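Working through the structure, step by step
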Amino acid sequence: MKQLLSVLLAVLLLAGCSEKLETPTKGKAEVFCDETVYPLVAVLADTFNVLYPEARITVKRVNAREAIARLVNGESEVSIAARAMNSEEDSALSINKTDYKTVKFVYDGIAVLAGFDFPNVISFDSLLAILDGRNTSVKPVLPEKNSSVYEFLKYDIFGGQDIEKAETAENDSAVIASVLKDKNKIGLVSWLYAVSETRLKRIEIGAREQIRAENIYFQPHPGFFVQNLYPLTRLVYIYLAEVNIGTASGFATFLAGNIGQSMALEYQFGPAAVPVKIRE
Amino acid sequence: MGGVDLGGGRDHGKKGKKKKKRRIGIHMDMTPMVDIAFLLLTFFMLTTVFRKPQTLEIKLPPGSSSGSVSQTNLLILRIDEEGRLFHSKGIADPVLMDLAELPSYLQDRYKEDPNYIILLKLDRKAKYHYMVDIIDEFNLAKLSRYSVATLADEEVEQLKKIN
């Protein structure tokens, strides 16, 4: 009996010494990422995989709605979307009893692109007039309805109303292609797609609230995103629904850490998880 | 280091009395513990390096937040030396109009976009009452965003050519 007990104790001790299956830097995780920040997150996932060879992060490019839907359905432990959760998604998560954490990742903006004949600046009210069809001289083009650009404008600017007068294209690249074909169109795209676009002009937008007698216009720039001065600024969130602290949590921490935030600034996003100093 | 004081131990030799319990007094020497505490404190104080707060720096683009006004939102009214009124939108050429038509013109513009910015430009030799009358019309049309300036020499020459 004594012998049996000692053998059992030894087995238990040895089992306790076995390696942990998943840690923040070891294991697998699948990230469903909004196409708005996909190139940045893909590069950061590669960096993470190189830094921690035992970790394997795969990034799936989806639209904002699908990224959140995957989380709601329990198919994803970490999703990245360029918009906050709406009440419908929030209640679905509480029904499923999914406990999730929200981490602010980066500040992003929606850029307004137009041909070179278009004025350099546009007031915020005039932009709204173009979007809601009060001004028909210019036709707005937006990415499809499930994209974060469309949903941001719908919920944050128009209070939940569909932007019926606007033309929709398959994605941001299709929006740019459409504006290139027609001089009377303006395109609203994610900032990442506008950064390297040289065939179209980036329009400066007037402040939402007029502070001085003359209007103040802001160009899309990470400095203005961080200060929330650019009128079409939005936040990109990391939604984390991992039960334990595993690889998904490790990658989320990495994104919000110094390397992730420095890389975000390289990609012209405004860092949202580390302190920022603005220089004129 | 430490010691144990057994205490008592004296025998009084009285019969029938209960024997007193011997008390044990313990003295702890705290010196080595304090030594180690201070040693550790000194060690950590000397070896700790405080991490500098890592902030990212963003440089704002030059010439940002300009105070320029969109040409599509700008309405220019010009009055020449003879009191003739010209209107134009943005960079378009000025068009002659009758002063009596101004109220309806302004109302139409207000309906079009209440955020129009009006620039009223007058010739230096134009009569003062033109400016007063036109500003009154702005107020009646509820167009509150306007500024007043004088005509540039080139504009005076340009207006002379319009009949």
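Residues numbered from 1 in each chain as written. Chains lettered and ligands numbered in written order. Predicted model: local features only at pLDDT ≥ 70, side-chain atom pairs only at ≥ 80, totals over all residues.

This part is about the pairing of strand S3 (residues 78-81) of chain A. Along any regular strand, the residues point their side chains to alternate faces of the sheet. Residues and elements named next belong to chain A. Taking every second residue as pointing to the same face, both faces of S3 are buried, with Val78 and Ile80 on one and Ser79 and Ala81 on the other. Bridge count for strand S1 (residues 27-34) against S3 is three bridges, and the pairing is parallel. Considered in S3, the bridge of Cys33 is made with Ile80. Summarising the sheet, S3 and strand S12 (residues 233-240) pair through four bridges and their orientation is antiparallel. (Buried ≥ 20, exposed ≤ 12 C-beta atoms within 10 Å, placed from the backbone. Helix = DSSP H or I, 4+ residues; strand = E, 2+ residues; numbered from the N terminus. Pairing = 2+ DSSP bridges.)

Residues and elements named next belong to chain A. Across its 14 residues, helix H2 (residues 38-51) extends 20 Å between first and last C-alpha, which sits within 8% of the 20 Å expected from 1.5 Å per residue. Every buried residue belonging to H2 is among Leu40, Val41, Leu44, Ala45 and Phe48, and all of these are buried. Buried residues of H2, seen end-on, are gathered within an arc of 135° and therefore sit on one face of the element. Facing away from the buried side of H2 by over 90 degrees, the exposed positions are Asp46 and Val50. Next to the buried residues of H2 lie S1, strand S2 (55-62), S3, helix H10 (247-256) and helix H11 (258-266). (Expected span 1.5 Å × (residues − 1). Arc of directions from axis to C-beta. Contact = placed C-beta atoms within 7 Å.)

With that settled, consider the confidence of the model for chain B. Residue and element names in this part refer to chain B. When pLDDT is averaged across chain B, the result is 78; 82% of the residues are at 70 or more. Taking the mean pLDDT of every element in chain B, the minimum, 56, falls on strand S1 (residues 2-5) and the maximum, 95, on helix H1 (residues 31-47). Predicted complex metrics record ipTM = 0.74 and pTM = 0.65. (pLDDT = per-residue confidence, 0-100.)

Given 3.6 residues per helical turn, the α-helix brings residues three or four places apart onto the same face. In a regular helix each residue adds 1.5 Å, so 17 residues correspond to 24 Å; H1 of chain B covers 24 Å between its end C-alpha atoms and thus fits that length. Counting buried positions over the 17 residues of H1 of chain B gives zero, only a small fraction of the element.

Bringing the packing of helix H2 (residues 102-112) of chain B against helix H3 (residues 128-140) of chain B into the picture now. All names here are of chain B. Interaxial distance between H2 and H3 falls to 9 Å at its minimum, and their mutual angle equals 40°. Relative to H3, the element H2 is oriented oblique. Crossing geometry of H2 relative to H3 is assigned as right-handed. Here H2 contributes Leu102, Pro103 and Leu106 to the contact with H3, which in turn contributes Ile134, Glu137, Phe138 and Leu140. Here the residues of the contact of H2 with H3 sort into six nonpolar, no polar and one charged. (Axes fitted to C-alpha atoms, helices over the stretch in contact; angles between N-to-C directions. Parallel < 35°, antiparallel > 145°, perpendicular 65-115°, else oblique. Left-handed = near helix turned anticlockwise from the far one by under 90°. Nonpolar A, V, L, I, M, F, W, Y, C, P; charged D, E, K, R; others polar.)

Turning next to the sheet that holds strand S4 (residues 74-79) of chain B. All names here are of chain B. Taken in spatial order, the five strands make up an open sheet running S6-S5-S4-S7-S8, and their pairing is mixed. Each edge of the sheet is formed by a strand with only one pairing partner; in this case those strands are strand S6 (95-97) and strand S8 (146-150). This sheet shows a mean twist of 25° between the axes of neighbouring strands, independent of strand direction. Summarising the sheet, strand S5 (residues 85-89) and S6 pair through three bridges and their orientation is antiparallel. Opposite Leu85, over in S6, you have Met97 as the bridge partner. In this fold H3 packs onto S4, strand S7 (117-122) and S8, with an angle of close to 170° to the strand it touches most, S7.

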